[in-house]
Amino acid sequence: MVLEDMPDGYFSLLASVKRPGRYTGGEWGSVSPGAGENARAARICLAFPDVYEVGMSYLGYQILYSLVKTLDYAEAERVYCPWPDMEEGLRRANLHLASLESGRPLRDFDAVGFTLQYELCGTNVLTMLDLGGIPLLSADRPDDAPLVIGGGPGACAPAPFEIFFDAFCVGDGEETFPAVLSVLSELKGRRRGEKLDALSNLAGVYVPGAGRSARAAIVADLDGGFINRDMVVPNIGIIHDRAAVQVFRGCTRGCRFCQAGMTGRPRRERSAASVVSQLESLLDYTGWDEAGLLSLATCDWSGLDGTMTGLSETLAKSRVKLSLPSLRMDSFSVELASRLENMRRASVTFAPEAGSERLRTVINKGLSDSDINAALDAAFRCGWDRVKLYFMMGLPTETTADLDGVADIAGMAVHCARRHKKRGEISVSLAGFVPKPHTPFQWEPQASRGTLRERGRYIKGRVRGGRISLAYHEPDQTFLEGVFARGGTALGRAILEAWRRGARFDGWTEYFDINRWEEVFRDLDIDAEEISTGKRSLDQALPWDMIDTGVTKEFLASERARAYACAPTGDCREGTCNACGWNRFTDCAVLCQNVGT
């Protein structure tokens with residue numbers, strides 16, 4: 001959308017809101033449908049239910065946008081959730097929320113595809129639908145209304161959102177999205193019931209009410225699948241302002257708290273040659289001066305050394321910085337990162353997750369006390385002055401000794417810094433643990449808000465020394481996250497009612513209001529405390545059972561038993577299949593092999 005194409009009143013509205021660059025569009029890499037657009041093309045608006053700076057930083061969103069541009073039967077545009085000042089302005093001016101590319105209102109698309117990245121995004125989805133002229137409830141939409149489709153992590157436990165969505169894509173979007181858009185193109189102009197019936201027959205698609213479950217679709221060969229060689233470059237600064245490549249998907253370390261590690265299986269790697277080629281294309285196209293290698297644990301990637309070597313000339317010539325967003329807590333990873341000059345200037349971040357070696361075994365983190373000491377020692381030896389440490393509170397079997405261990409590790413970091421004559425600024429962050437669906441802890445109760453506050457205060461009282469700062473996540477937000485992670489379809493009514501009462505941007509501290517949510521739960525007779533803190537039996541039906549991520553409940557239950565027995569489970573890349581469930585469908589030995597050449 002260019003300025004002269006803006007609707008009447010829109011330009012003056014931009015002058016009255018914060019960060020108007022969120023709404024102008026016209027970025028390098030964006031593509032507006034031309035006057036001769038394909039009449040049979042499925043028109044989809046990719047919607048991110050958070051502000052522009054967050055949505056533009058999400059790599060999956062960028063990949064799907066690039067993918068649709070290669071399809072001759074589909075067109076993609078983008079929209080992000082307006083900040084409350086812009087929402088107010090749109091309503092005051094009687095303007096619809098529209099796409100950045102063409103200014104087309106959301107109601108005029110064939111489909112609107114939401115990325116459900118976070119449990120607390122529900123009210124923002126409703127804001128966008130309402131401003132876009134789309135009925136909020138799926139049951140209320142006429143045949144000419146767009147289909148509302150959800151994807152991303154939230155699609156793995158879609159029950160709280162079902163009344164608002166017509167369908168969910170589960171698994172890798174590159175695999176499901178082209179098939180979905182092909183159906184919408186072929187059935188363009190037909191009744192929505194016919195479209196939904198066709199979508200329900202696609203692999204990786206769940207349609208509420210169709211009576212069919214869905215198994216996550218995967219791209220088995222990342223090198224052979226779609227590879228984006230362009231990205232949209234933002235008009236304003238965003239959270240992760242860089243060219244990025246995902247170097248592998250899935251994880252075989254088996255951390256029992258990690259939903260992404262379980263739902264992203266099986267592990268699939270890109271080759272170093274493929275990553276080097278893709279990054280060179282992205283850097284040339286976008287002009288970015290920073291590149292990121294993304295995954296759940298990039299230092300585990302077998303192609304890392306080859307990529308750093310292969311890119312060295314390109315990076316030096318273009319003065320591009322390379323970053324490794326995720327560091328494993330061992331000296332090898334630290335020393336590898338220290339080769340990158342820009343990373344040495346920043347703080348180094350580690351996630352021990354738990355304070356004691358015993359509790360880290362329970363969650364299958366695979367970190368000994370000596371590993372932590374070695375990593376901290378290497379960090380200060382390699383030149384860092386600042387270290388960030390991330391922990392969780394409320395993990396199953398947690399004791400006071402485990403909480404003491406958090407303070408002990410922070411103290412260990414201070415001593416390591418002194419030993420290397422470093423200033424040693426240590427930042428400790430504590431987050432309440434949420435037992436997520438499709439993990440071995442999905443049956444566990446979440447610690448109450450009172451318990452999390454007590455444990456946070458206890459650890460804070462144990463931390464000694466001016467070099468250590470400590471903060472813990474607001475337990476009320478953790479509680480609500482747990483409610484929507486673990487709840488069923490009844491929560492859709494709560495989202496709708498909270499939105500009607502003004503709930504917006506619940507993931508943002510400045511707008512989060514727990515009192516509003518508690519009133520809604522009380523008025524609708526929803527026992528949110530039971531949803532969050534109630535323990536579930538292994539034979540109990542779960543609200544997300546209609547979604548098959550490939551990992552079986554039997555495997556998750558066995559991992560839960562091993563957690564309580566304090567028994568570790570090895571990495572299946574080391575040669576022993578742990579029979580997580582994907583072995584039923586794929587040759588995991590091939591998918592997980594080291595392909596780093």
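Residues numbered from 1 in each chain as written. Predicted model: local features only at pLDDT ≥ 70, side-chain atom pairs only at ≥ 80, totals over all residues. Heavy atoms only, no water.

Draft legend 1. View of the packing of aromatic side chains. Taken as a whole and assessed by the stated rule, the structure comprises 18 aromatic pairs. Centroid distance F48 to Y61: 5.8 Å. Interplanar angle 85°. Geometry classified as edge-to-face. Here Y61 lies in helix α3 (residues 59-69) and F48 lies in strand β1 (residues 42-48), a separation of 13 residues in the sequence. The buried category is assigned to Y61, whose relative accessible area is 3%. Here F168 and Y206 contribute two aromatic rings whose centre-to-centre distance is 6.2 Å and whose plane-to-plane angle is 25°, an arrangement assigned as stacked. A residue pair is termed long-range when its members are at least 10 positions apart, and F168 in strand β5 (residues 167-169) and Y206 in strand β6 (residues 205-206) qualify at 38 residues. (Phe/Tyr/Trp six-rings, centres within 6.5 Å; stacked < 30°, edge-to-face > 60°. Helix = DSSP H or I, 4+ residues; strand = E, 2+ residues; numbered from the N terminus. Buried < 20%, exposed > 50% of the residue type's maximum accessible area, 1.4 Å probe, protein only.)

Draft legend 2. Main features of the packing of helix α15 (residues 400-419) against helix α16 (residues 449-462). Running from N to C, α15 and α16 point in directions that differ by 45°, and their axes come no closer than 9 Å. Considering the angle they form, α15 stands oblique to α16. The crossing of α15 and α16 is right-handed. Only R455, Y458, I459 and R462 of α16 make contact with α15, whose side of the interface consists of T400, L403, D404, V406, A407 and D408. Partitioned by chemical class, the residues of the contact of α15 with α16 number five nonpolar, one polar and four charged. (Axes fitted to C-alpha atoms, helices over the stretch in contact; angles between N-to-C directions. Parallel < 35°, antiparallel > 145°, perpendicular 65-115°, else oblique. Left-handed = near helix turned anticlockwise from the far one by under 90°. Contact = heavy atoms within 4.5 Å. Nonpolar A, V, L, I, M, F, W, Y, C, P; charged D, E, K, R; others polar.)

Draft legend 3. Representation of the sheet that holds strand β14 (residues 386-393) within the structure. Pairing is parallel in the open sheet, where four strands are placed in the order β13-β14-β15-β16. Pairing within the sheet leaves two strands with one partner each, and these edge strands are β13 (348-353) and β16 (468-472). Strand after strand, the sheet turns through a mean of 20° between neighbouring axes, direction not considered. Pairing of β14 with strand β15 (residues 425-432), which is carried by eight bridges, proceeds in the parallel orientation. (Pairing = 2+ DSSP bridges.)

Draft legend 4. Molecular detail of the pattern of salt bridges. Counted under the stated rule, the structure contains 50 salt bridges. A salt bridge links R22 to E53; the nearest nitrogen and oxygen atoms lie 2.9 Å apart. Placement of R22 in the loop between α1 (10-14) and β1 and of E53 in helix α2 (residues 52-55) is noted, with a sequence separation of 31 residues between them. The buried category is assigned to R22, whose relative accessible area is 9%. Take E53: its relative accessible area is 8%, and that puts it in the buried class. Residue K365 is joined to E353 by a salt bridge in which the shortest nitrogen-to-oxygen separation is 3.8 Å. Linking K365 in the loop between α13 (357-362) and α14 (369-381) with E353 in strand β13, this pair joins segments that are twelve residues apart in sequence. By relative accessible area, E353 is classed as buried at 12%. (Salt bridge = Lys/Arg side-chain N within 4 Å of Asp/Glu carboxyl O.)

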